[in-house]
Structures are given as structure tokens and as C-alpha cells.
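# Inside the fold
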Amino acid sequence: MPEELTVEGLPAAALARRFGTPLFVYSRAAILDRLTRLRRAFARPGTAICYALKANPNQAVCRVLCATGAGAEVVSGGELARALAAGFAPRSIVFSGVGKTEAEMDLGLRRGILTFNVESCEELLALERAARRRRRPAPFSVRLNPDVRARTHPHVTTGRAENKFGVEAPQALEMARRGRRSRWLDFQGLHCHIGSQIHDLGPFARAAAAVAEVLRRLQAEGIAFSLVDMGGGLGVSCGAEPELDCARLAQALEREFSPWPQARLLVEPGRYLVAGAGLLLARVLYRKETSRRRFVIVDAAMNDLARPSLYGAFHPIAPARPRKGPRRRVDVVGPVCESGDFLARQRLLPPLQPGDIVAVGMAGAYGFSMSSQYNSRPRAAEVLVEGGKARLTRRRETVDDIVLPEL
Ligand code: LLP
């Protein structure tokens, strides 16, 4: 008989009762455990782990990470502001994204971030203009598109030539040369991120080889660099697929970049740090059967966790309390008015009753951060458990939160 589901010793069902559902619950200990694993894997001195805020920008989660000296990777002015508010040191923040506005560049320059990961020549010129206006040279790295297949979902693969991200090697070199010529640009190195939820080492190794090739050419031209940022994308296990072995990844990267010990290695994991540290708790509302399917209707939906609907992603799901009886194949669906609204399909679950709590696992990354108010559903509350104590870190939205901003 499976045990009652707990988070750092607190029963999930009691958390649902106390804070209501749908509810995201995160464990501080679980986040720190993942960070420790990564730190152990990356032995090269000076390596920085820059947490990709997009996975989960909740301030309490950010604070857990920045308190231990992690850096941050951001992709908008909003994420930059949230990283700064949480206490990440500006010199530990890298700013990526293909469409940074001048206002966003200004904020980064004003606060003195570590580097802008620049993704096009036109963006580099805009950054140069922003730097000239502020009379402060802009640190930048060039995002290389290595044209590598990451073998992940097409929506989250970013390192192919047909993707909008980064530039190809000749342009990357051209941008580095421009950096050398301009007094308002300060070239730092290369950036590369080939996609998300990648399970094998091969794509990372091929991307690292492509980055090393450009580094060799920079070196041949006498262009100095101090950063090599290999992005995030470290795959976690949600079901059958194995987790990416971060120790082997670290070894492969460290070997590839060993000719340049002066350069700091950066990695930008999001999912790896927080996915497994989070649960989404939902309450069973109703059950129904058609001639073809059994449905369990719960109070969380695709607006709370979009990943199953959007990517066909598999998330483990289980009752918070053990339930007796024969297991049956069911679809766990939400109240949103779309057939694409489901959390789990054709899963073997024990009998569930209205009022029961179910827990969706691996929900700490790209869960709340991708949630919406679709169908005018207020967004869920978030709770952080630390040292066996639960604390509300984001209050549940109300219908007023939806209606009042409208004029
Ligand atoms: N660095 C850059 C430049 C990125 O674009 C991303 C993710 C990361 C780091 C972090 O990747 P991670 O380590 O979390 O895989 N919504 C999708 C994932 C989109 C990822 C976008 N970029 C999902 O739910 O699977």
C-alpha cells in the first residue's frame, strides 16, 4: 500500500485543506538538493550556475537559490526586475532573448548585469546605442546557433538553423569583431542554448564542439573572451525516460573547454533545479463515464498546468492519500472548456471520490510560470515548505484580480 504523500513531512492533503486548491507546493530542501548535485558535478573553478527564472520566478523560490550564491538567467525586463528584487547580485545575472527592447537594455546597463546574450547583429547595434546613451560600455556575449538537433519537443528545441535563436558562426565572429572595435561594447564570450528537457549527452557535446570551434577562431584573431555559457536544457525524468547525467555533462563540457581555463563556464538550468521540487494539488470534483472513457474531473486545469495540453507532456499523478480498490484507467481533466484540457490521460489510478486530493508531480518548473487566467479562472496559490513549515508565497488570485485591471 503506498504511503500518504508528504512534502518535507507535511501531508499534502492537509496542505490542500489549509491553503485550498489548486495549489502549487514547493520544497526548499528539494531545490537545494538539486543545486548541490549540480555544484558537485561542475568542478571547474569559477563555474556559475545561473538559474533560468522562467522555470519558476516566484520570489521565495528565487531567494532559496540566490541565498546560496547562484546566479540568474533572465529573458525580459520583468524577469530582470524579479531577479533583482529577490536579491540576485547584478554581476551574476545574464540576459538572453531575441527581442530585448531598449528599455530592457537600459535597465540591465543601469544595474550592471554580468552580460547580455545578444542574438542578432541588429540587437548588437541597439545595445551599442543604449550603451553610448548611458556612457557605459555594454558587456555582451554572442549566442551561437550551432545547428544541433536536441531530439526534444519541437516547441522547445532552439539550436537548429531554422530556429529564431542565436546566430551562425560567421556572424558570431563578425559581432565579436564589432565588439573589439567599439568603445561602447565589451565582448565577454559565447552563449549557446539548444533546447529544453534534453536527455542525452550527444546534443550538448556537439553544441560544445561548435562553441569551441568559434573560440579557436577568436583566439586565432587575438579576440579575448572570459565567459562560455552553455545554457540550460538538462532533462529530468518524469516517467520512463532517464534523467540527464549532470556529472557526465560537466565532464564533457570541462574537457571541451579545457584549453581556455581563464574563461568562466556558465550553465543556465531551470527545470533541473525546480521541476521535481514542486507538486500541483487539485481536488476531485466529479467522476463520469462515457461508453469509451472514464473521466475524473478536478479543480486544476490547463490554465494552471499547460504542459500536458501544450506539449503532450507526461506528469506523474497520484492520490494524496492511499485509496483502496482496483486500479482503473482514467483521464484526469480540468473544468476548462476544451477537449485539450487534461492533466493526465489513460492513467491507472485507484478509485477516487469527490473531495479527494490528487497530486501532479514534476510541477515545480513551467507550471505556475506558464499559468494563465483562461476561462477567467483566478491563478492558483503557491506555498513553499521549508524545514517542515509551510508558508504562502503567493496568494490565490480572486476574480477581482481579473476584472479590476479592465477599463
Ligand atoms: N537558458 C535559455 C536561454 C533558455 O531559453 C532556457 C529555456 C533555459 C536556459 C532553461 O532551460 P531548462 O534548463 O529549464 O530546460 N515551457 C517549456 C520549456 C521552455 C524552455 C525555454 N527556455 C516546458 O514547459 O517544457
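Quick caveat, the model's predicted, so the values are computed rather than measured. (Residues numbered from 1 in each chain as written. Predicted model: local features only at pLDDT ≥ 70, side-chain atom pairs only at ≥ 80, totals over all residues. Heavy atoms only, no water.)

## A few points about the pairing of strand β11 (residues 264-267)
This is how it is decided: Here, a strand pair is defined by DSSP locating no fewer than two bridges between the strands. Numbering goes from the N terminus for both helices and strands, where a helix is a DSSP run of H or I of at least four residues and a strand is a run of E of at least two. Crossovers are described as right-handed under a simple rule: with the strands pointing away from the observer, the path leading from the first strand over the helix to the second runs clockwise.
The pairing of strand β4 (residues 48-52) with β11 spans two bridges and is classified as parallel. Looking at the pairing, A48 lines up with L266 of β11. Handedness of the crossover joining strand β10 (residues 227-229) and β11 through helix α9 (residues 246-256) is recorded here as right-handed.

## A few points about the domain arrangement of the protein
For an interface, size is often stated in terms of accessible area lost upon the parts coming together. Note the following rule: For the purposes of this description, domain bounds are those given by an automatic or database domain assignment. It only takes one pair of heavy atoms within 4.5 Å for two residues to be counted as in contact. Summed over both partners, the accessible surface that disappears when two parts come together, traced with a 1.4 Å probe, is what is meant by buried area. Salt bridge criterion: a side-chain nitrogen from Lys or Arg within 4 Å of a carboxyl oxygen from Asp or Glu.
Domain boundaries in the protein define domain 1 (6-25 + 275-403) and domain 2 (97-267). Computed from C-alpha atoms alone, the centre-to-centre distance between domain 1 and domain 2 is 36 Å. Facing seven residues of domain 1, the contacting portion of domain 2 comprises eight residues. Both faces considered, domain 1 and domain 2 share a buried interface measuring about 560 Å² in area, 68% of it formed by carbon and sulfur atoms. The interface formed by domain 1 and domain 2 holds zero salt bridges in total.

## Overview of the pairing of strand β19 (residues 389-394)
Looking at chain direction, strand β18 (residues 381-386) and β19 are connected through five bridges and run antiparallel. Each residue of the ladder has a partner; that of E382, found in β19, is R394.

## Here we look at the packing of helix α3 (residues 59-66) against helix α4 (residues 77-86)
Basically, it comes down to this: Geometry is summarised by axes, namely lines fitted to C-alpha atoms with helices restricted to the contacting stretch, and by angles between N-to-C directions that run from 0 to 180 degrees. When describing relative orientation, an angle under 35 degrees is termed roughly parallel and one over 145 degrees roughly antiparallel, while 65 to 115 degrees is termed roughly perpendicular and anything else oblique. The handedness criterion is simple: a crossing whose near helix is rotated anticlockwise from the far helix by less than a right angle is left-handed, and one whose near helix is rotated clockwise is right-handed.
At their nearest, the axes of α3 and α4 sit 9 Å apart, and the two run at 60° to each other. Considering their axes alone, α3 and α4 lie oblique with respect to each other. Every pair of crossing elements has a handedness; the one defined by α3 and α4 is right-handed. Contacts between α3 and α4 involve Q59, C62, R63 and C66 from the former and R82, A85 and A86 from the latter.

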